[in-house]
Amino acid sequence: MAQKANIRSIRISDDMAKLIDRQAGANFTEKWENLVTRCVWELPQKEEQLKGIQARIDQERQRLYDLQRATEQLRMLERDIKSAQHYFQIVERRAKQIADAVEQDAGEQT
């Protein structure tokens, strides 16, 4: 094992001591070094992964928004079609009434 020339004394909270103690290592110093090393080497990579995940979440959020908008537009179209069918039925009945009236007038004139 390499000689350790840097001797330092620090004060830490009980919570920090518990966090360090949960790390891999045979003693407090190894656990501390493992924690710091992991943070230095792994944290930047994890932050990049997080950015990628957040970008995918944003894409999915936009896709969901687009789907919700499209669904609402389809509902509006369905409502408009039902309304148009109702009006078409009214026009159809009115046209039949007019046709019946024309036929009746034609029958009376002959």
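First things first, this report covers the structure right here in the doc. (Residues numbered from 1 in each chain as written. Predicted model: local features only at pLDDT ≥ 70, side-chain atom pairs only at ≥ 80, totals over all residues. Heavy atoms only, no water.)

Describing the overall build of the protein chain
Logical step 1: Helix and strand content of the protein chain: 2 helices and 0 strands.
Logical step 2: Each of the three principal axes of the protein chain carries a C-alpha extent, and together these read 125 × 25 × 20 Å.
Logical step 3: Burial analysis of the protein chain (110 residues in total) assigns 4% to the buried set.
Logical step 4: Each charge sign in the protein chain was given a centre, from 19 positive and 19 negative side chains, and these centres are 10 Å apart. (Helix = DSSP H or I, 4+ residues; strand = E, 2+ residues; numbered from the N terminus. Buried < 20%, exposed > 50% of the residue type's maximum accessible area, 1.4 Å probe, protein only. Lys, Arg positive; Asp, Glu negative; His and termini not counted. Charge placed at Lys NZ, Arg CZ, Asp CG, Glu CD.)

Things to note about the packing of helix 1 (residues 14–21) against helix 2 (residues 28–109)
Logical step 1: Contact pair helix 1 / helix 2: the axes reach a minimum separation of 8 Å and the direction vectors enclose 90 degrees. What the angle tells us is that helix 1 and helix 2 run roughly perpendicular. Taken together, the residues of helix 2 that come into contact with helix 1 (itself represented by Leu19, Ile20 and Asp21) are Phe28, Lys31, Trp32 and Leu35.
Logical step 2: Looking at the contact of helix 1 with helix 2, its residues break down into 5 nonpolar, no polar and 2 charged. (Axes fitted to C-alpha atoms, helices over the stretch in contact; angles between N-to-C directions. Parallel < 35°, antiparallel > 145°, perpendicular 65-115°, else oblique. Contact = heavy atoms within 4.5 Å. Nonpolar A, V, L, I, M, F, W, Y, C, P; charged D, E, K, R; others polar.)

Section: the environment of Ser13
Logical step 1: Looking at the secondary structure, you find Ser13 in the segment before helix 1.
Logical step 2: Only 3.1 Å separates the side chain of Ser13 from the backbone nitrogen of Met16, close enough to count as a polar contact. (Polar contact = N/O pair within 3.5 Å; in protein donor to acceptor, adjacent residues only side chain to side chain.)

Considering the pattern of salt bridges
Pairing is possible between side chains that carry opposite charge, provided their charged atoms lie close to one another.
Logical step 1: This model, assessed by the stated rule, comprises 9 salt bridges.
Logical step 2: Residue Arg38 is joined to Glu42 by a salt bridge in which the shortest nitrogen-to-oxygen separation is 3.4 Å. Taken together, the residues span about one helical turn, with Arg38 and Glu42 both in helix 2 at a distance of 4 residues.
Logical step 3: Taking relative accessible area as the criterion, Glu42 reaches 32% and is therefore assigned partly exposed. (Salt bridge = Lys/Arg side-chain N within 4 Å of Asp/Glu carboxyl O.)

What about the environment of Asp105?
Logical step 1: Position of Asp105 relative to the elements: it lies in helix 2.
Logical step 2: The class for Asp105 is partly exposed, based on a relative accessible area of 45%.
Logical step 3: Asp105 sits 19 residues away from His86 along the chain, and the two C-alpha atoms are 29 Å apart.

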